Each structure stands twice: as structure tokens, then as C-alpha cells.
Amino acid sequence: MKKDIKLIVFDIDGTLVNDKKEMLDENVTAIKKLKEKGIKIVLNSGRTFNGMWRMRQKLDLMAYDDYSICGTGAFVRRNADGKALISNPLGKKDYEKIKSLVGEEDLQITIHTMNILYLNAEVPNDAFLYDQWQVSMPWFKFEKFEDIEDSICRIALAGEKDLLDKFTEENKKELVKDYKIMRNEKRLLEILNKNSGKSESLKKLAQMLEIDRENIMYFGDGMNDVKSLGFAGCGVAMASGMKEAQDAADFVIGSNEEPSIAKFLKEYFDLDV
């Protein structure tokens, strides 16, 4: 049975963009048609705010009543001016604790902010460069915490899989006492404020907008989408994504390389586009 959807939320990487980091025109047209019908459209990504600007601009999500959930739920920002409406940042004490746990391990530390990735190394490793490509953000080297000029969305550790496996096994118990940790990529470990999370911030935004969960549709593909897919009244997972996301969803559609989102939206909402 179809639901009265008032809010549609899209994960970006692996969902709304293809593997070339491009949005398909068919998907854009269908989404904009629903926006014209009064359905609220929100992007919910691990990317920080300005790593999402191309998608917001192409979808015409640039108004004061348009919002983005960014940094894996670290912030909810107003699209028109970037103002943070919900904030779950990390601070200096968090950085110092994480740095002490890393010690002499061959792991690079990245601080993700709204505008810049700050890296503690002069020569980025391959894992960092992949993360940078994923989030489409510039980077600076930093030497001390005071070099960071903006609120921190998350701290990421980048390195070889075996080394990161070892670090996670040895430090997970200590980290989860104070933080939320995510491992969406084999060579990256994300460390977040305990109150962050894509589903947690989605719930807060829905409350702010006075929209019930049954009136929410969510599209996602990864581990960090699983809770959101389960929370939404209609969860839609990509067949090209993780099995855990598919298991949590009400519908599984095609690949992000195809206009699968447009096809589903046309059928669900009887769109003539």
C-alpha cells in the first residue's frame, strides 16, 4: 500500500550519484517534479556541507526552507546560508584523545569540516586520496589543532586495511565509550560525536518539520543508511549497495548506474515525466 509521502531523503554516494559522481538527468527531473508538487527533498550524506553543493544546486535545493543532513549526521544545515540548525561537533579534547590512541601507527588523521579536509601529513596516502575523491573536498595540511578554522564534523583514520583492522580491534572498546564509529570503507575509520548519525539527525529534522516517520521515504545503499531505511515509512535500497541496506528496506531497486530512482519514483507517485 502506498503511503502519503511528505519528505524524501536521499543518500548521495552509491545512491543519488553514479560511480563517476554524477547525477543522472532522469533522476534529477523526477525529483524536481516531486519538489514542485510540494514534497520536501533532503540530502543525507557522509559528505560535509560544501561537498554537497553541486547536488543541492542541480536539484534547486537552495532556499531557506531546504535542508541538508551532512557529515554523517554531525550537522543539519539550512541550504540557503549553511546555518547549523542541529550540531554534534567534535572538539580539541576529542582530537587529542584520538591522536594519543593512534600513537606511532601508520594511520593518517583527517579532520572533516564544512569547507576543508585537514590532514596531519604532507603526503596523503591512497586511502585518504580515495576518501577525498568520495567527498569532493579540498585539503590542507595542519600541524596543530588551532589551525582548524571551523566546526569538526568527524575525524577519520586512513590507512591499510590490516593496520586499521588491528587498530579498531585494540581500541574499539575505548572509542565506543565516547564516540560513534563507522567503517563504511575498508581503509577508513570514521569517528563521530556520540549524538551524530544519519538516522539520529533525520529523526530530529523530521520532528522540527513536524513530519511523521510514516510520511518519510528514504533512499540509501550503505551501512550508515541501515537505520534510516528502517526508520522511514518507506525505505528504498539500491541493488548495487550493501546487503544489510537491502535487508532493512521495503523496496530494492536497480543500480546507481541506471535511472533506477526515476523509474521507482514515476511508478510510486504516478509521475508523468
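Residues numbered from 1 in each chain as written. Predicted model: local features only at pLDDT ≥ 70, side-chain atom pairs only at ≥ 80, totals over all residues. Heavy atoms only, no water.

S.K.: I'm lost on the overall build of the protein in this one. Help?
M.R.: From N to C terminus, the protein includes nine helices and 14 strands. For the C-alpha atoms alone, the extent of the protein along its principal axes is close to 60 × 35 × 30 Å. Residues counted as buried form 55% of the 273 residues belonging to the protein. Expressed as a percentage of contacts within the protein between residues at least 6 apart in sequence, the contacts between residues at least 24 apart total 59%. Carbon and sulfur atoms make up 47% of the accessible area of the protein, which totals about 12,600 Å². (Helix = DSSP H or I, 4+ residues; strand = E, 2+ residues; numbered from the N terminus. Buried < 20%, exposed > 50% of the residue type's maximum accessible area, 1.4 Å probe, protein only. Contact = heavy atoms within 4.5 Å. Areas by Shrake-Rupley, 256 points an atom, 1.4 Å probe, with all protein chains shown as cover.)

S.K.: I tried to follow the state of the cysteines on my own but got confused; where do I start?
M.R.: Every disulfide links exactly two cysteines, by a covalent bond between their sulfur atoms. Scanning the entire structure with this criterion turns up zero disulfides. Not part of a disulfide, Cys70 finds its nearest cysteine sulfur in Cys153, a span of 6.1 Å. (Disulfide = S-S within 2.5 Å.)

S.K.: Just to check I follow, could you spell out the sheet that holds strand S2 (residues 40-44) for this structure?
M.R.: Consider a sheet: its strands pair through backbone hydrogen bonds, and that pairing is either parallel or antiparallel. With mixed pairing, eight strands are arranged side by side in an open sheet as S5-S4-S3-S2-S1-S12-S13-S14. At either margin of the open sheet sits one strand with a lone partner, and together these are strand S5 (84-87) and strand S14 (251-253). Averaged over neighbouring strand pairs, the angle between their axes works out to 20° when direction is ignored. Of the pairings in the sheet, the one linking S2 to strand S3 (residues 67-70) comprises two bridges and is parallel in character. Bridged to Leu43 within S3 is Ser68. Together, strand S1 (7-10), strand S12 (216-220), strand S13 (234-238) and S14 form the strand contacts of helix H9 (residues 260-269), whose direction differs from that of S12 by roughly 160°. (Pairing = 2+ DSSP bridges. Axes fitted to C-alpha atoms, helices over the stretch in contact; angles between N-to-C directions.)

S.K.: Is there a simple way to explain a negative patch on the surface in this structure?
M.R.: Taken together, the side chains of Asp106, Asp126, Glu160 and Asp162 present a region of like negative charge at the surface. Mapped onto the secondary structure, Asp126 falls in helix H4 (residues 126-135). (Patch = residues over 30% accessible without salt bridge, like charges linked within 9 Å, V, L, I, M, F, W, Y side chains within 5 Å. Salt bridge = Lys/Arg side-chain N within 4 Å of Asp/Glu carboxyl O. Lys, Arg positive; Asp, Glu negative; His and termini not counted. Charge placed at Lys NZ, Arg CZ, Asp CG, Glu CD.)

S.K.: Looking at this structure, I do not really get the packing of aromatic side chains. What am I missing?
M.R.: What describes a pair of aromatic rings is the distance from one ring centre to the other and the angle between the planes of the rings. A complete count under the given rule lists eleven aromatic pairs for this structure. The interplanar angle of 40° and the centroid separation of 5.9 Å between the aromatic rings of Tyr130 and Trp133 together place this pair among those described as tilted. Taken as a pair, Tyr130 and Trp133 lie in helix H4 at a separation of three residues, close to a single helical turn. For Trp133, a relative accessible area of 42% puts it in the partly exposed group. Stacked on the ring of Trp133, the Lys or Arg Lys21 has its end atom at 4.8 Å from the ring centre. A cation sits over an aromatic face here: Arg77 above Phe75, 4.5 Å from the ring centre. (Phe/Tyr/Trp six-rings, centres within 6.5 Å; stacked < 30°, edge-to-face > 60°. Lys NZ or Arg CZ within 6 Å of the ring centre and 35° of its normal.)

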